[in-house]
Structures are given as C-alpha cells and as structure tokens.
Amino acid sequence: MIHSHVLLAHGSGGRLTHDLIHDLFRSYFCSPLLAKGDDAAVWPANLPPEARLALTTDSYVVQPLFFPGGDIGTLAVCGTVNDLAMVGARPLYLSAGFILEEGLPLAQLERVVASMARSASEAGVHIVTGDTKVVDRGSADQVFINTTGVGVVSAGIDLSGANAMAGDRVLLSGPIGQHGLAIMTQREGLQFSLPLESDCAPLNGLVDAMLKAAPTIHCMRDPTRGGLATTLNEIAAQSQVGIEIEESRVPVPEGVRAACELLGLDPLYVANEGKLVAIVPPEMEDTVLDAMRRHRYGREAALIGGVCATHPGRVVLQTSLGAHRVLDMLSGAQLPRIC
Amino acid sequence: MKYLDEFRDAVLANRLLASLERRVSRPLRLMEFCGGHTHAILRSGLRQLLPSSVRLSSGPGCPVCVTASSDVDRAIALASQPGVILATFGDMVRVPGGNASGQANSLQEAKSLGADVRMVYSTLDALGIARVNPGLQVVFLGVGFETTAPTVAAAVLQAAAEGLTNFTVFSVHKLTPPATRAILDAGEVRLSGIIGPGHVTSIIGANAWEFLPRDYRMPCAVSGFEPLDILLAITSLVDMVTSGVPAVRNTYARSVRPEGNLIAQQWMRQVFQVVDAEWRGLGLVPASGLAMRTEYEAFDAARRFPLDLPPGREPKGCRCGDVLRGVVEPTQCPLFGRTCTPDRPVGPCMVSGEGACAAFLQYGES
Ligand code: SF4
C-alpha cells in the first residue's frame, strides 16, 4: 500500500477503495465467499432438520483501540461470536463493517484486521462480506466496527434468559473483571504491579463442549457491559425467578481487586469479554462443571449460586460475612466506554 | 485459597459478632466518619449483622458531599470562562450546585453547554493537561480531605519547579478533625464512639484524634476498610465504652502510624494555610479548610479568577446537611429513591461513590 494513512478517497468506491479491499481485507480474511467479490455472500442453505438459524449484530467503539490482551478487532469478532454462542448457535459467517476516521494510520488498521482474522480462525467462523466508509477527521474516533453473525442452533437446544427455573444452579466460567479493568487502567494511564489483561476470547468452543455434555442447559449469558450483577438481574427478570449468589464463591483475581479498590469500582459490575454464566438443572451441575473445567476457557469454572422461587426478578447476594443484600442493576456510575 | 481466607474471615466475624452481642448492655450509637466506611458497612451487610443495640450513623466523611453548594457554583463559573480547562475527580462533575433551573447546575451540564471540563484520576494528570495546552489556563478543582491535599500540594510544587504559568488550583480541601469537633459541639446526636477514618489518619496520624478522649471523653478507633477491620474497630469502641476509659485505638496499624506521614504533612504545610471553611451541612467551621499560601498565589485559582457570585443555595427538599451530621438516615429523606436517585441526583450524597444516600440505595437490604 502506498499511502500510510486512511484518506477520504479510501471510502469513495474508487481505485483506493478497491486496493484497500484487495490488499488488506481479502488478504487477511481469506474466505472463498469473500474472494468472489460479489455484492453479497451466497451459500447453500442445507440445514439439518429441526435446526434453526440465529442472527445477531453488534457495534464496537472501544478506546483505546489496543489494550493488554486484545484490541478492537479481537472484540469485534469475539463479541459477536459469543452472542451467537450464548443462544447455543454454532457461528458460521460474519460480516464486518468499518467506519474509519480520515488520518488513521493504515498500519493500525492492518493490526486490527489481522486480529480479526486470528480470532475468526480460532472461533472457526468466516468473514464473508464487508463494507468500508471513511468519515472526516473528528467525525469518528479512529475506527468503529460493526459485525453481524449467522449461526445454526442444533435440534434440541433451547437456551434463553427466560428458561431459568427454581432449583437450577448458577455456574460461572472463570474469574471476573479483567476486560473492563484492562481497558480502564490503560485509558487512565495507571500502572499496576499485578498484570491486568483483557479476557477477550471466543466462547463457542466452550459452549459446544458444555452442550455436548448436557444439552438440557437452560440458559447462558456472557456478562459483558454491566458485569455479572447486571447479567444475573437480566436473567432473574426475564425468567421471573430469584437468584442467590455467594460472594465468596465468585472468583476475583487479586489484580482486579486491587485496581477496583483504587478506582472505587465493584468487580461485580465490571465488564468481561471471555466469560459466561450458565443456568443448569441441578442434576447436571457436576457434568457441566467437569466439561467446563476441561476447556481452556473454563478451567476456573465455579458454582456461584442458585435459582429460587422467592423474590422473583431479584438477585440477592450473600456477602462474605454471611449477610444478605439485594444485588441490583448498576445505577448512576459513569464508566468509560469499553466495548 | 481466597475462598478459604474469606471463609476464615466469616468465622472470625461471627465470633466477634457473638461476643459483641454478649457485651453490649445498653444502646450505643457510633459514628463512622468516613464515607468509605459507610459503603463497606452496607456493601458487606455488616449493618444488619450487628446487635440491634449497636447503631451506626454516617458522618461528614464524603469530600464531594461536604463541598458547599456555593463552591460548586464557583467551579461551574470558573469552567465556563473562555480559555479555561477545568480538571477534577470524577464524582465532582455530577454534583448539583445552587443555580436556578435553566442555567448549568453541575459541571457536567456546563460541559454539555461547551465548557471544557476534564475528569482526571490524579492531580498529575491535570499537570499533564497544562503542559500540552500552553495557550489555555488549566484550573484543578481540588476537593478532598487530608488524603488528597498532599497530592495536590505535590502537584503545585512540581508546577512551580517546572515554571508552569497556566496551572492553578481552586482549593476547597477540608480537614477532618475540626468537622468532628463541630458535630460533637452541636450535640445533635448522642454518640458513644467514633470510627476514625483510616486513609485520612494514615496521613495525619492517630495522635491527631487525641482531642476526642481528652476534650470530649469520646473513644475513637481508627479503622481499615475491610468489613473485618470495621468490626474490630466497633469491638474496640464497645470495650472502651464498657470500661469507661476512652482512648484512641489504632486498629489499622498496617497503614496508620501514631505520627502519620510526615512528608505528606510537610507538603501540605508548605503549600496550604489553614482557614475557616464552609461545609455543606455544618456551615462555617473554624480552621477547617486549606487555602493556598501567598507564596504560591500564582497557582491560586481563587486569586487569578476573582468571581463575584451570589451566596449558594441548597437543592430544594434535599436533607444532605442532616445526613452529613448523622441527624437523619438517608431513607428518612422524603426524596430518597423517589425523585432522588443516582441517575438523577438531587443532592451530592446521592452522587458520590462515598455518599451515604448512594450507598443506602445501591446496597439496600433484602
Ligand atoms: S436522598 Fe437525595 S435529596 Fe435526600 S438527602 Fe440524599 S441526596 Fe439529598
């Protein structure tokens, strides 16, 4: 590429656009469907009987673009892959729409695109269509990415936030708070002695292993923005059940704890990008935990609580001292945008 | 490991709670000075586990909350001057002032109307903003107790050493012992003991609280911020009440020394002088604030930008003043949770991460 920065002409549809697509996007996202260069990706719809399609979309506007443990590209792929995985879908194809700010160094864009390709290959999905627009300097913040994903839900799988039932167990796939704090400390230029890395990862492999072990799992959610507390509140409200969590069972890494104390944050409300909460029937608890712990993204999976019929719509936390209090949605606090 | 530690803590806590239950013979009211303690007490559920005879009142230890509404108005006016960048800590931007509706009534609103307001996590960040904006004036709104004042003093010393001419501090820093005195002198709440602020005392030293037993026969236990720390401080206060021998006990020895942090105290003395200060809820408290010394007047925003403003007004219906003196609990304010929520705070106690109203709302008991 001859230019070192993104120019308005890169989005004009002319020669520069063509070069950008050809030299950058197609060379990293090496999918035959994309390489055909048509206006839309076309593939045969041979679904097994009773299988269903899942479709989801998300936009990514994170600052800084690069942070310990990942970048906006990793997030843009993992975030959408995980949204598909949480309904039990096997992700197949992604689209990628880029809004670029004039003046963005092309080397940075290339780093982002390379990360997307790496995450897509780990997740086993193909990026098959895309779009690029360039806006005037100041009209966007470096790069915004939108990804849309299509996946297939096998027969017999029914995951929904509305499926939690009294008696179910609440499992968490690992320690919380890493992503949000990795970003915030990077933004604020804070240095910590303990390393803080984003946990950003595609969870479809873990979900696949869990569903193979126990196809009757009731619900899965990834506690992203708003953190674990918000996700549990959403499930409690959607299913009209109560949820009880034991604070001392929720794994919080030492570095996260220390950074939270300094910044005045509660780890239960901090975003994650590579964790999931699963609501499973009681008889499946051990089977699912076993399957999770055998997967690299679920090694530290833990039972953190249960679902009950009392206080529908509410999450109650048993504190480490043994007292009980409502664990509410987060109100008020202003956190920097992180996903 | 962690699970085991916490499990042991819970066992220890239950033992302490059981022994408190046995020892407390009459109703006691203790005040936790510090907003950080209020949050820890509610977040851990300690409040509901204590014997019913031990009541806790929150005190004026939330720096954002005690900032007088006239000072918030002044900060908004400063931020709205052309060519000025106003930098401050996060919570401060949301605190409502006393301006009439239709005008910007918080730094956040001023920002949306075009004022350049920046949130920083440390005073040094504000210095950094000044360095890269030589054509603009950077005013740091210095809010806080003895914990933050030394860092602001250090930034002023640094600015002086670098010869920065576009950095000033609007100091509304406050001192905690005089406020504690003001509450005891007012005599509105009958207190049996005071849980001393851990972070503040790590700077000023446990000796700074000796006036409590000496002048008021009031026991004081300086406490850390883990629930178990607070429980230990409460136990120690109950011991002193029972034995009738008030003293200052340092239950946070891992951070607090009797004489405190002498270097930090030296910085504060070098840059600031002690003045009378206006507190929300307490009014004018003698010798309770820190203003810039004349030697550093070049860095004093109050001198560089003299403003003539009408006296501050409290938000209508808000009982923050009473909450800060421990006279009422947040839930007794008629606006609590109704018109006043963290998303639409009426008073500062609902804004701050250390405010009592915000803590009561976020950590309501089940
Ligand atoms: S609830 Fe709101 S209005 Fe009432 S005292 Fe607290 S901050 Fe003020």
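Treat the numbers as computed from the prediction; the structure is a model and nothing was measured. Residue positions within a chain follow its written sequence, with the count starting from 1. Whichever chain is written first is A, and whichever ligand is written first is 1; the rest continue in order. Thresholds applied to this predicted model are a pLDDT of at least 70 for local features of residues and 80 or more for the giving and counting of side-chain atom pairs; totals over whole chains, interfaces and linings are not thresholded and use all residues. To obtain the side-chain values, all non-hydrogen atoms of the structure were used and water was disregarded.

**A few points about the overall build of chain A**
For chain A, the count of helices and strands is nine helices and 13 strands. What the globule rule says is 2.2 Å times the number of residues to the power 0.38, and the radius of gyration is computed from C-alpha atoms. Against the 2.2 N^0.38 benchmark of 20 Å for 339 residues, chain A shows a C-alpha radius of gyration of 21 Å, consistent with a compact globule. Principal axes of the C-alpha set define a box for chain A whose edges measure 65 × 55 × 30 Å. Burial status follows relative accessibility: with a 1.4 Å probe on protein chains alone, a residue under 20% of its type maximum counts as buried, one over 50% as exposed, and anything between as partly exposed. For chain A, buried positions account for 54% of its 339 residues. In this text, helices come from DSSP runs of H or I with a minimum length of four residues, and strands from runs of E with a minimum of two, each type numbered from the N-terminal end.

**Considering the site of the ligand**
Around the ligand sit Cys318, Arg319, Cys320, Cys333, Leu335, Phe336, Cys340, Val346, Gly347, Cys349, Met350 and Cys357 of chain B, and those are all the residues in its vicinity. Here the shell around the ligand is composed, by residue class, of ten nonpolar, one polar and one charged. It suffices for a single heavy atom of a residue to lie within 4 Å of a molecule or strand for the residue to be listed as near it. Following the grouping adopted for this structure description, the nonpolar residues are Ala, Val, Leu, Ile, Met, Phe, Trp, Tyr, Cys and Pro, the charged ones are Asp, Glu, Lys and Arg, and the polar ones are all others, Gly among them.

**Observations concerning the sheet that holds strand β13 (residues 324-326) of chain A**
All names here are of chain A. Pairing is mixed across the open sheet formed by seven strands, whose spatial order is β8-β10-β7-β11-β9-β12-β13. Each edge of the open sheet carries a strand with a single partner, namely β8 (219-221) and β13. Averaged over all pairs of adjacent strands, the angle between strand axes in this sheet comes to 25°, irrespective of strand direction. Pairing analysis gives three bridges linking strand β12 (residues 315-318) to β13, with the strands arranged antiparallel. When the bridges of β13 are listed, Gln318 appears paired with His324. Pairing between strands requires that DSSP locate at least two bridges from one strand to the other. Here an angle of 0 to 180 degrees is reported between the N-to-C directions of two axes, which are lines fitted to C-alpha atoms, with helices fitted over the stretch in contact.

**So, the confidence of the model for chain B**
Confidence scores labelled pLDDT are given residue by residue by the predictor and lie between 0 and 100. With 96% of its residues at a pLDDT of 70 or more, chain B has an overall mean of 91. Taken over the whole predicted complex, pTM reads 0.83, whereas the ipTM for its chain interfaces reads 0.73.

**Re the state of the cysteines**
Between two cysteines, a covalent bond joining their sulfur atoms is known as a disulfide. Residues and elements named next belong to chain B. Criterion for a disulfide: a pair of cysteine sulfur atoms within 2.5 Å. For the structure on display, the rule yields one disulfide over all chains. Here Cys62 is linked by a disulfide to Cys65, with a sulfur-sulfur distance of 2.2 Å. Here Cys62 and Cys65 share a disulfide; its torsion about the S-S bond, 65°, makes the bridge right-handed. On the basis of relative accessibility, which here comes to 1%, the residue Cys65 falls in the buried class.

**Details of the pattern of salt bridges**
What makes a salt bridge here is a side-chain nitrogen of Lys or Arg within 4 Å of a carboxyl oxygen of Asp or Glu, nothing more. Counted by the stated rule, this structure contains 26 salt bridges over all chains. For Glu247 of chain A, the salt bridge is made with Arg43 of chain B, and the minimal N-O distance between the two is 3.1 Å. In this pair, Glu247 of chain A is assigned in the loop between β9 (242-246) and α8 (254-263) and Arg43 of chain B in helix α2 (residues 35-43), connecting two distinct chains. Overall, Glu247 of chain A belongs to the buried group, its relative accessible area being 15%. The class of Arg43 of chain B is partly exposed, set by a relative accessible area of 23%. Here Arg55 of chain B makes a salt bridge to Glu329 of chain B, at a shortest N to O gap of 3.5 Å. One end of the pair, Arg55 of chain B, is in strand β2 (residues 54-61); the other, Glu329 of chain B, is in the loop between α15 (320-324) and α16 (356-362), and 274 residues separate them in sequence. Each of the salt bridges in this network shares a partner with another, and the network as a whole consists of Glu188, Arg319, Asp322 and Arg325 of chain B.

**Here's the deal with the domain arrangement of chain A**
All names here are of chain A. Domain ranges listed in this record stem from an automatic or a database domain assignment. What the domain assignment lists for chain A is domain 1 (8-153) and domain 2 (169-327). Inter-centroid distance (C-alpha atoms) of domain 1 to domain 2 is 27 Å. Facing the 21 residues of domain 1 at the interface are 22 residues of domain 2. For the pair domain 1 and domain 2, the summed buried area comes to about 1700 Å², and 64% of that belongs to carbon and sulfur atoms. A 1.4 Å probe defines the accessible area here, and the buried area is the portion of it lost by two parts on being joined, summed over both. If you sort the residues of domain 1 by the area they bury against domain 2, Pro68, Asn82 and Met86 come out on top, with a joint share of 33%. Ionic pairing is found between Glu122 and Arg296, a salt bridge with its closest N-O pair at 3.4 Å. Contacts described as polar in this section are N or O atom pairs within 3.5 Å, which, within protein, must combine one atom able to donate a hydrogen with one able to accept it, while residues neighboring in sequence count only if both atoms come from side chains. At the junction of domain 1 with domain 2, the criterion picks out seven residue pairs in polar contact (both at pLDDT 80 or more). Breaking the side of domain 1 that touches domain 2 down by element, the ones donating at least two residues are β2 (66-67), α3 (72-86) and α4 (106-123). Per-element tally for the side of domain 1 that touches domain 2: the top contributor is α3, with nine residues. Tallied by class, the residues present in the side of domain 1 that touches domain 2 amount to twelve nonpolar, seven polar and two charged. Contacts were defined at the residue level, with two residues in contact if any of their heavy atoms lie within 4.5 Å.

**Section: the pairing of β2 of chain B**
All names here are of chain B. β2 sits mainly inside the fold: seven of its eight residues count as buried. In this sheet, β2 lies alongside strand β1 (residues 28-34) in parallel orientation, the contact comprising six bridges. When the sheet's bridge partners are listed, Leu30 is paired in β2 with Leu56.

**Notes on the interface of chain A and chain B**
Listed by partner, the interface residues are 26 residues for chain A and 28 residues for chain B. Summed over both partners, the interface of chain A with chain B comes to about 2300 Å²; 47% of that surface belongs to carbon and sulfur atoms. At the junction of chain A with chain B, the criterion picks out two salt bridges. Linking chain A to chain B there are six residue pairs in polar contact (both at pLDDT 80 or more). Sorting the residues of the side of chain A that touches chain B by element identifies α8 and β13 of chain A as the ones contributing at least two each.

**Observations concerning the nonpolar core**
Among buried residues, those of type Ala, Val, Leu, Ile, Met, Phe, Trp, Tyr and Cys that are joined through side-chain atoms within 4.5 Å constitute a nonpolar core. In terms of nonpolar packing, the biggest core is built from 72 residues, with Leu107 and Leu141 of chain B touching the most fellow members. When near neighbours in sequence (up to four residues on either side) are disregarded, Leu141 of chain B contacts Ala75, Leu86, Ala87, Thr88, Met92, Leu107, Phe170 and Val172 of chain B. Counting residues in each nonpolar core, the second largest holds 37 residues, with Leu20, Ala117, Ala123 and Val134 of chain A among its members.

**Focus on the environment of Ser122 of chain B**
All names here are of chain B. The residue Ser122 is located in the loop between β4 (116-119) and α7 (123-132) in this model. Here Ser122 falls in the partly exposed class, since its relative accessible area comes to 27%. The spacing of Ser122 and Thr151 is 29 residues in sequence and 8.1 Å in space, taken between C-alpha atoms.

**Examining α3 of chain A**
Residues spaced three or four apart along an α-helix point in a common direction, a consequence of the helix completing one turn every 3.6 residues. Residues and elements named next belong to chain A. The span you would expect from a helix comes to 1.5 Å times its residue count less one. Helix length check: α3, at 15 residues, gives a terminal C-alpha distance of 21 Å against a target of 21 Å (1.5 Å per residue), a fit within 8%. A large share of α3 lies buried, amounting to 14 of its 15 residues. For α3, the side-chain oxygen to backbone nitrogen distance between the N-cap and Gly73 is 2.7 Å, and the N-cap itself is Asp71. Within two residues after α3, Gly88 carries a phi angle of roughly 85°, on the positive side.

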